[in-house]
Amino acid sequence: MKLKKLRGDIDFMEKVEELSDESLNSCIQCGTCSAGCPFVEDMEILPERVFKHITLGNIDEVLEHNTMWICAACYTCSVRCPRDIDIAKIMEAVRQIVLRADIDMVDVDEVDNIEELPQLAVVGCFRKETG
Amino acid sequence: MEEGYLYYPGCTLKAKGSDYESSAMKVMEKLGKPLIEMEDWYCCGAVQSLAEDDIMHQIAPIRTMCCAQEEGEEELITLCDMCYNVLRQANDRMKEKEDDLETMNEFLDEDPDYEAGVEIYHLFHILEDMKSEIEEAVENPLDGLVVAPYYGCMLLRPDNVAVDETEDPEMMENFLELLGVEVLDNPKRTECCGSYHTVNRSDIVEKRVEDIVSYAAGEGAEAIVLSCPLCQFNLDFHQRATEFEIPIFYITELMALAFGLDIEMKNHKIDPRTLLKEKGILE
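On a predicted model such as this, the values are computed, not experimentally measured, just so you know. (Residues numbered from 1 in each chain as written. Chains lettered and ligands numbered in written order. Predicted model: local features only at pLDDT ≥ 70, side-chain atom pairs only at ≥ 80, totals over all residues. Heavy atoms only, no water.)

### Structural notes on the nonpolar core
Inference 1: Counting residues in each nonpolar core, the largest one holds 151 residues, and the members touching the most others are B:L176, B:L179, B:L254 and B:F259.
Inference 2: Among the elements that line this core, the one with the most residues is helix α8 (residues 87-99) of chain A, at 9 residues.
Inference 3: Here this core spans two domains, and each of domain 1 (5-124) and domain 2 (139-278) of chain B adds at least three residues to it.
Inference 4: When residues no more than four places from it in sequence are discounted, the contact partners of B:L179 are B:I134, B:V138, B:P141, B:L142, B:L254, B:M255, B:A258 and B:F259. (Core = buried A, V, L, I, M, F, W, Y, C linked by side-chain atoms within 4.5 Å. Buried < 20%, exposed > 50% of the residue type's maximum accessible area, 1.4 Å probe, protein only. Helix = DSSP H or I, 4+ residues; strand = E, 2+ residues; numbered from the N terminus. Domains from an automatic or database assignment. Contact = heavy atoms within 4.5 Å.)

And the structure:
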């Protein structure tokens, strides 16, 4: 329901570029981001496919796959991109669009070992996965 | 501050990462430049908010900057890699974007304006200028101990906040060599440990830990050395899902041992005492 509203409301690419201050059309689909990403095997679509889908307006392809949630903002892609695109900022922008539609990706009641965890892990996770 | 450095601890070093704080305090005291904790500080937020329009999540780190400014200090030192990264990125944003600084100061209407004059440093910046003091402080060289250095992400990326070469750092290796340990070449030392996924995607972190630890152990590492409390937890705790069991030290713990100082080792899941006794470092 909320996702449907999200799709209808915004020009997705414009919003991503506004939030990230990065140009998606600069991407040449070289795959350097995917090649260096330590999380790529858990991503349902590759980072450069996310960018391609955004530029083509395939919002469902972006929102229905987990890539932006698996990205942990380690910045490996950002420092290696030959087109100097700060890819971590683009992933953050996509996450923010979803989170700002009041969709959370983690629930504190479902974290089973919270007392065991270091404080910065919990703060970091809730900052990246709740709105 | 002539007598030492103004120090920002952050939340984790007061709790699950207390071994890092206690050993770093002892080491810096021994080196003649003690860490003096700020009178007042705020949690940095652990991860940097990267959205252009998000000023709100820059408030906590900047309020800490204001506290340093109030104490009349221009240099603020962190131990935690994540705090360093967040404070540094937030501070740089205020220095580079006048409009953001103005908006920030409007938010902070009950506090004095932040003048963007504070500089953020990590412990490694300080140690880099104290190599001769480190060498002189070594009383018990850690001969025979073989370690793999591990930087993780937050000391090296994004490149505008990197403490060393992003793709080929050597700062930690240089510090470790002063302590007498054998330092392995570790190409996995700049790879992510899985970060905050430890909260709700342990499976992802376990794969990262397997990759990082199996390489180090395969090369003969008896321990991994680092400076981030989240990396320490992930590499230590999640080794239970692997066939390996090598201790994960904060670099200041090894420095303290080499300086002849006691360390607490309260936060370790894999107890380092067995290895340290085997090597004759502990009795």
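The discussion continues.
### A closer look at the sheet that holds strand β6 (residues 182-183) of chain B
Residue and element names in this part refer to chain B.
Inference 1: Strand order across the open sheet formed by 4 strands is β6-β5-β7-β8, with parallel pairing between neighbours. Among the strands making up the open sheet, the edge pair consists of β6 and β8 (248-250).
Inference 2: The pairing of strand β7 (residues 223-226) with β8 spans 3 bridges and is parallel. Bridging across to β8, I224 finds its partner in I248.
Inference 3: Seen against the sheet, helix α7 (residues 171-178) touches β5 (146-149), β6 and β7 and runs at an angle of roughly 160° to β5. (Pairing = 2+ DSSP bridges. Axes fitted to C-alpha atoms, helices over the stretch in contact; angles between N-to-C directions.)

### Some thoughts on the pairing of strand β1 (residues 5-8) of chain B
Successive residues of a regular strand alternate their side chains across the two faces of the sheet.
Residues and elements named next belong to chain B.
Inference 1: The side-chain alternation of β1 yields two buried faces, one formed by Y5 and Y7 and the other by L6 and Y8.
Inference 2: Of the pairings in the sheet, the one linking β1 to strand β2 (residues 35-37) comprises 3 bridges and is parallel in character. Considered in β2, the bridge of L6 is made with I36.
Inference 3: A crossover connection joins β1 to the parallel β2 through helix α1 (residues 18-30); in handedness this β-α-β unit is right-handed.
Inference 4: Here β1 pairs with strand β3 (residues 75-78) via 2 bridges, running parallel. Looking at β3, one finds that Y8 is bridged to T78. (Right-handed = clockwise from strand over helix to strand, strands pointing away.)

### Some thoughts on the layout of surface pockets
Inference 1: Roughly 370 Å³ of internal volume is contained in the largest pocket.
Inference 2: What lines the largest pocket is a set of 18 residues, among which A:D86, A:K89, B:Q89, B:P158 and B:N160 lie closest to the centre.
Inference 3: Of all the secondary structure elements, the ones that give two or more residues to the lining of the largest pocket are α7 (76-80) of chain A together with α3 (81-96) of chain B.
Inference 4: Looking at which element gives the most residues to the lining of the largest pocket, the answer is α3(B), with 4 residues.
Inference 5: Of the residues in the lining of the largest pocket, the class split is 4 nonpolar, 5 polar and 9 charged.
Inference 6: Two domains each donate at least three residues to the lining of the largest pocket, and these are domain 1 (5-124) and domain 2 (139-278) of chain B. (1 Å grid on protein atoms, 1.4 Å probe; cavity = no way out; pocket = protein on both sides within 12 Å on 5 of 7 lines; lining within 4 Å. Points joined across faces, edges and corners; volume = space filled by probe spheres on them. Nonpolar A, V, L, I, M, F, W, Y, C, P; charged D, E, K, R; others polar.)

### As for the domain arrangement of chain B
Residues and elements named next belong to chain B.
Inference 1: According to the domain assignment, chain B consists of domain 1 (5-124) and domain 2 (139-278).
Inference 2: Just the C-alpha atoms count here: the centres of domain 1 and domain 2 sit 24 Å apart.
Inference 3: Each partner contributes residues to the interface: domain 1 has 28 residues there, and domain 2 has 33 residues.
Inference 4: A combined buried area of about 2,500 Å² lies between domain 1 and domain 2, and 66% of that area is made up of carbon and sulfur atoms.
Inference 5: Counting across the interface, domain 1 meets domain 2 through 1 salt bridge.
Inference 6: Note that K30 and E139 form a salt bridge whose closest N and O atoms lie 2.8 Å from each other. (Buried area = accessible area lost by both parts, 1.4 Å probe. Salt bridge = Lys/Arg side-chain N within 4 Å of Asp/Glu carboxyl O.)

### Things to note about helix α4 (residues 98-107) of chain B
At 3.6 residues per turn, the α-helix brings residues three or four places apart onto the same side.
Residue and element names in this part refer to chain B.
Inference 1: Buried within α4 we find D100, L101, M104 and N105. Angularly, the buried residues of α4 cover 135° about the axis, an arc narrow enough to put them on a single face. Those residues of α4 that are exposed and angled more than 90 degrees off the buried face are E98, D99 and E106. (Arc of directions from axis to C-beta.)

### Some points on the side chain of B:E21
Inference 1: Relative to the helices and strands, B:E21 resides in helix α1.
Inference 2: Within the structure, the side chain of B:E21 is placed 2.7 Å from the side chain of B:Y7, a separation counted as a polar contact. (Polar contact = N/O pair within 3.5 Å; in protein donor to acceptor, adjacent residues only side chain to side chain.)

### Details of the packing of aromatic side chains
All names here are of chain B.
Inference 1: Taken as a whole and judged by the stated rule, the model has 4 aromatic pairs over all chains.
Inference 2: Judged by centre distance (4.6 Å) and plane angle (5°), the ring pair of Y20 and Y250 falls under stacked. Linking Y20 in helix α1 with Y250 in strand β8, this pair joins segments that are 230 residues apart in sequence. A single burial state applies to Y20 and to Y250, both of which are buried. (Phe/Tyr/Trp six-rings, centres within 6.5 Å; stacked < 30°, edge-to-face > 60°.)

### Digging into the pattern of salt bridges
Residues and elements named next belong to chain B.
Inference 1: By the definition in use, this model includes 27 salt bridges over all chains.
Inference 2: Here R63 and D111 are joined by a salt bridge, their closest N and O atoms 4.0 Å apart. Remark: D111 occurs in the loop between α4 and β4 (119-122) and R63 occurs in helix α2 (residues 59-70); sequence separation between them is 48 residues.
Inference 3: Two residues, K95 and E119, come together in a salt bridge whose shortest N-O distance is 3.2 Å.

### Topic: a negative patch on the surface
Residue and element names in this part refer to chain A.
Inference 1: Taken together, the side chains of D102, D104, D107, D109 and E110 present a region of like negative charge at the surface.
Inference 2: By the element assignment, D104 lies in the loop between α8 and α9 (119-129).
Inference 3: On the accessibility criterion, D104 (43% relative accessible area) is partly exposed. (Patch = residues over 30% accessible without salt bridge, like charges linked within 9 Å, V, L, I, M, F, W, Y side chains within 5 Å. Areas by Shrake-Rupley, 256 points an atom, 1.4 Å probe, with all protein chains shown as cover. Lys, Arg positive; Asp, Glu negative; His and termini not counted. Charge placed at Lys NZ, Arg CZ, Asp CG, Glu CD.)

### A look at the interface of chain A and chain B
Inference 1: In this complex, chain A contributes 42 residues to the contact, which on the side of chain B involves 45 residues.
Inference 2: Buried area between chain A and chain B, summed over both chains or domains, comes out near 3,700 Å², and the portion from carbon and sulfur atoms is 61%.
Inference 3: The largest share of the area that chain A buries against chain B comes from A:Y75, A:L120 and A:R127, three residues that together contribute 20% of it.
Inference 4: A salt bridge links B:K207 to A:E41; its shortest N-O distance comes to 3.7 Å.
Inference 5: For the interface between chain A and chain B, the tally reads 19 residue pairs in polar contact (both at pLDDT 80 or more).
Inference 6: Mapped by element, the contributors of at least two residues to the side of chain A that touches chain B are α2 (12-20), α6 (67-70), α7, α8 and α9 of chain A.
Inference 7: Class assignment of the residues belonging to the side of chain A that touches chain B gives a composition of 23 nonpolar, 6 polar and 13 charged.

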